[in-house]
Amino acid sequence: MRRPLRTDGGTVVDPTDRTALRRALEQFADVEAVDEMDDGSLRARFGSQTHVTVTADGHVDAGMPLHSFTGPADHLEFDHDAGELRVRTDEGEDAVAYVFRRP
């Protein structure tokens, strides 16, 4: 079950909730930087090589010039004040926490 957590100055979003996700990505990146792809994925662009893409089933692909992340997410934590997006899974010892910092 997804937890209704909040970060300082931010929002927690179910990655499959397209309306809430789009709103959070537009606040995080900018309205003009968010696109919906043909397959329903939402992508936020930060320049030519940096992006965050979330598929309709909640899979996240985050790319930056020196590192990247690809994997499922149970929830996304947007800390708009700090410019951070945390990708989290709730799988006990196998839990994942990836932090994408807005460039």
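See the structure shown above.
Bear in mind the structure is a predicted one, so any value in this text is a computation, not a measurement. (Residues numbered from 1 in each chain as written. Predicted model: local features only at pLDDT ≥ 70, side-chain atom pairs only at ≥ 80, totals over all residues. Heavy atoms only, no water.)

> Let's hear about the nonpolar core: which residues, and what values?
Core analysis: the largest hydrophobic core is formed by 22 residues, its most contacted members being Leu-21, Leu-76, Phe-78 and Phe-100. Elements represented by at least two residues in this core include exactly helix H1 (18–29), strand E3 (42–46), strand E4 (50–54), strand E5 (59–63), strand E7 (75–79), strand E8 (84–88) and strand E9 (97–101). The leading source of residues in this core is H1, at 5 residues. (Core = buried A, V, L, I, M, F, W, Y, C linked by side-chain atoms within 4.5 Å. Buried < 20%, exposed > 50% of the residue type's maximum accessible area, 1.4 Å probe, protein only. Helix = DSSP H or I, 4+ residues; strand = E, 2+ residues; numbered from the N terminus.)

> Which residues make up the environment of Gly-71, and what values go with them?
Here Gly-71 is to be found in strand E6 (residues 68–72). Sequence spacing of Gly-71 and Ala-44 is 27 residues, and the spatial spacing of their C-alpha atoms is 17 Å. Sequence-distant contacts of Gly-71, that is, excluding residues within four places in its chain, are made with Gly-58, His-59 and Val-60. (Contact = heavy atoms within 4.5 Å.)

> Give a detailed account of the sheet that holds E6, specifying residues and quantitative values.
Taken together, 5 strands build an open sheet; the order of strands is E2-E3-E4-E5-E6 and the sheet is antiparallel. Strands with a single pairing partner mark the edges of an open sheet, and in this sheet they are strand E2 (34–36) and E6. Pairs of neighbouring strands in the sheet enclose a mean axial angle of 10 degrees, with direction left out of account. In this structure, E2 lies alongside E3, joined through 3 bridges in antiparallel fashion. Paired with Asp-35 across the two strands is Arg-43, which belongs to E3. (Pairing = 2+ DSSP bridges. Axes fitted to C-alpha atoms, helices over the stretch in contact; angles between N-to-C directions.)

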